[in-house]
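Here is how the chains run, residue by residue.
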Amino acid sequence: QVQLVESGGGLVQTGGSLRLSCAASGSIFSINAMGWYRQAPGAQREYVAAITRVSSTNYADSVKGRFTISRDNSKNTVYLQMNSLKPEDTARYYCAADASATLRRRVVDYWGQGTQVTVSS
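Residues numbered from 1 in each chain as written. Predicted model: local features only at pLDDT ≥ 70, side-chain atom pairs only at ≥ 80, totals over all residues. Heavy atoms only, no water.

Helix and strand counts for the protein come out as zero helices and eleven strands. Counting helices and strands in the order they occur from the N terminus, the protein gives β-β-β-β-β-β-β-β-β-β-β. In terms of overall size, the protein behaves like a compact globule, its C-alpha atoms giving a radius of gyration of 13 Å where 121 residues would be expected to give roughly 14 Å. Seen through its principal axes, the protein has C-alpha atoms that stretch 40 × 30 × 25 Å. Burial status across the protein gives 45% buried among its 121 residues. Only carbon and sulfur atoms are counted for the fraction: they give 47% of the accessible area of the protein, which is about 6200 Å². Considering the protein, the positive charge centre built from 13 side chains and the negative charge centre built from 8 side chains are found 2 Å apart. (Helix = DSSP H or I, 4+ residues; strand = E, 2+ residues; numbered from the N terminus. Rg over C-alpha atoms; globule rule 2.2 N^0.38 Å. Buried < 20%, exposed > 50% of the residue type's maximum accessible area, 1.4 Å probe, protein only. Areas by Shrake-Rupley, 256 points an atom, 1.4 Å probe, with all protein chains shown as cover. Lys, Arg positive; Asp, Glu negative; His and termini not counted. Charge placed at Lys NZ, Arg CZ, Asp CG, Glu CD.)

This paragraph deals with the nonpolar core. By size, the foremost hydrophobic cluster in this structure holds 36 residues, and its most contacted members are Leu4, Met34, Trp36, Leu80, Met82 and Tyr93. Within the residue set of this core, elements represented by two or more residues are β1 (2-7), β3 (18-26), β4 (33-39), β5 (46-51), β7 (67-72), β8 (77-82), β9 (91-98) and β11 (115-120). Once you skip the residues sitting within four places of it in the chain, Met82 turns out to touch Gly16, Ser17, Leu18, Leu20, Arg66, Phe67, Tyr93 and Val117. (Core = buried A, V, L, I, M, F, W, Y, C linked by side-chain atoms within 4.5 Å. Contact = heavy atoms within 4.5 Å.)

Tallied over the entire structure, the rule returns one disulfide. A sulfur-sulfur separation of 2.0 Å characterises the disulfide bridge that pairs Cys22 with Cys95. In this structure the cystine formed by Cys22 and Cys95 twists about its S-S bond by roughly -80°; its chirality is therefore left-handed. Placement of Cys22 in strand β3 and of Cys95 in strand β9 is noted, with a sequence separation of 73 residues between them. As far as burial versus exposure is concerned, Cys22 and Cys95 are alike and both buried. (Disulfide = S-S within 2.5 Å.)

A few words on the pattern of salt bridges. For the coordinates displayed, the defined rule picks out five salt bridges. The partner of Asp61 in a salt bridge is Lys64, with the nearest N and O atoms 3.3 Å apart. The class for Asp61 is exposed, based on a relative accessible area of 66%. We note a salt bridge from Asp89 to Arg66, for which the minimum N-O separation is 2.7 Å. Linking Asp89 in the loop between β8 and β9 with Arg66 in the loop between β6 (57-59) and β7, this pair joins segments that are 23 residues apart in sequence. In terms of burial, Asp89 and Arg66 fall into one category: buried. Taken together, the shared-partner salt bridges connect Arg38, Glu46, Arg66 and Asp89 into one network. (Salt bridge = Lys/Arg side-chain N within 4 Å of Asp/Glu carboxyl O.)

Read from one edge of the open sheet, four strands run β1-β3-β8-β7, paired in antiparallel fashion. Only two strands of the sheet have a single partner each, and these edge strands are β1 and β7. Neighbour to neighbour, the strand axes of the sheet diverge by 15° on average, direction disregarded. (Pairing = 2+ DSSP bridges. Axes fitted to C-alpha atoms, helices over the stretch in contact; angles between N-to-C directions.)

In this section: the side chain of Arg66. For Arg66, a relative accessible area of 11% corresponds to the buried category. Sequence-distant contacts of Arg66, that is, excluding residues within four places in its chain, are made with Gln81, Met82, Asn83, Ser84, Leu85, Lys86 and Asp89.

Now the structure itself:
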């Protein structure tokens, strides 16, 4: 089993920045892809970004050029630097991890509890 714990959410104004962190523990040797999904009220959970063990990255079109995902394998931690935030980025952000090289899957192996990001206009 793998446990994922997110931190770094909060309230920020439009155009501001936040950095999310997700620390993994447990059977971390089984993890390849780590990354983020988000879910706004009344909406489906949507893919945001992912990074593999060898630092190959992938982003949703809606965040390309604004968000940057990175990973520190020595700390078993993945980060999401979010810049130029917009009100439509408001959502609960969930850390995710999977044994495969992608998080764009119908079923992802592991989830965190989420951290709230609110962008005020």
